[in-house]
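Residue-level structural notes
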Amino acid sequence: HHTHTHTLMHTVHPDSRSLYVAVSTDQRSRSRCHPELGLTPPPCPPLVFASLTPAGREQAAELRRTLLASGQRFDLVVTTPLSRTIETSHLAFEGLCDRFMITPEATETAEERLGGPQRGMSAAGMRAKFDFLAAWDLSSIREGENWLRGDAAVLGGEGYYHPQPVEARLGPLRQWLVNLEFERVVVVGHSGVLDRLLGLQMANCQLVEHALELDE
């Protein structure tokens, strides 16, 4: 599972935006579901709240070191309500950005066969797990609307997920990102969403610049 980072550097045109895009760090939960890696065979156990591995944390720390060396700062970080994206955002951008926002709109499609990796926790659960979220904006999480609690009886488990597939959210997500009022915005998301949104294939925690346009 990858997390992308977009930063809106400047407005190129009223209907486009220059973004930084980065892929998240490792996905322990996802990799354990892949039998070709010699790990847990399917069915995948529901690892709803999986955190970054030490290797993943180091990838985020390396991105932070690169940003510190370049002197870059940002106005807004947008990420998703999953532990791995929250941790990546905090480790890489804390102190380098003025505002942090969480939205379920950039999460991947929650497929039951993939179990818990694509599901998260309630806003209250997030705040209990991560003290630093007290300063973050979680107002885009609307439980019962765009963030639904799953059924403990199914493979995906009772973790929270977005009820719409990615394809149904790409257009509105693109519009929302282009229209953000902040100049320098970073989006930390998932390859399953951002690869479709941007047409890019990226490595973990790689930061690139990309022009996002409404008519892509």
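See the structure shown above.
So, a few notes on the structure that sits alongside this text. (Residues numbered from 1 in each chain as written. Predicted model: local features only at pLDDT ≥ 70, side-chain atom pairs only at ≥ 80, totals over all residues. Heavy atoms only, no water.)

Bringing helix H5 (residues 166–179) into the picture now. Look at H5: 20 Å from first C-alpha to last across 14 residues, which is about the 20 Å you get at 1.5 Å a residue. At proline 172, H5 shows its largest bend, some 30°. Burial in H5 covers these residues: Val166, Arg169, Leu170, Leu173, Arg174, Leu177 and Val178. (Helix = DSSP H or I, 4+ residues; strand = E, 2+ residues; numbered from the N terminus. Expected span 1.5 Å × (residues − 1). Bend = angle between axes of the 7 residues up to and from the residue. Buried < 20%, exposed > 50% of the residue type's maximum accessible area, 1.4 Å probe, protein only.)

Our focus in this paragraph is the pairing of strand E2 (residues 76–79). The two faces of E2 match: Leu76 and Val78 on one face and Val77 and Thr79 on the other face are all buried. Note that E2 and strand E6 (residues 185–188) share four bridges and pair parallel. Note that in E6 the partner of valine 77 across the bridge is valine 186. Two strands pair when backbone bridges link them, and E2 and strand E3 (residues 100–102) are joined in this way by three bridges, in the parallel orientation. Note on E3: the bridge partner recorded for valine 77 is phenylalanine 100. Chirality of the crossover, the property in question, places the unit of E2, helix H3 (residues 83–93) and E3 among those that are right-handed. (Pairing = 2+ DSSP bridges. Right-handed = clockwise from strand over helix to strand, strands pointing away.)

To continue, consider H3. In terms of residue burial, H3 counts as a mostly covered element, since nine of its eleven residues are buried. The complete set of buried residues in H3 reads Ser83, Arg84, Thr85, Ile86, Glu87, Thr88, Ser89, Ala92 and Phe93.

Here we take up the nonpolar core. With 26 residues, the main nonpolar core has Val77, Ile86, Phe93, Ile102, Met126, Leu133 and Trp136 as its most contacted residues. Contributions of two or more residues to this core are made by helix H2 (54–70), H3, E3, helix H4 (123–129) and E6. Apart from residues lying up to four places away in sequence, methionine 126 is in contact with Pro81, Ile86, Ile102, Met121, Leu133, Ile141 and Trp147. In terms of nonpolar packing, the next biggest core, distinct from the first, is built from 17 residues, Leu170, Val178, Leu180 and Leu197 among them. (Core = buried A, V, L, I, M, F, W, Y, C linked by side-chain atoms within 4.5 Å. Contact = heavy atoms within 4.5 Å.)

Just distances and angles here, no functional claims.
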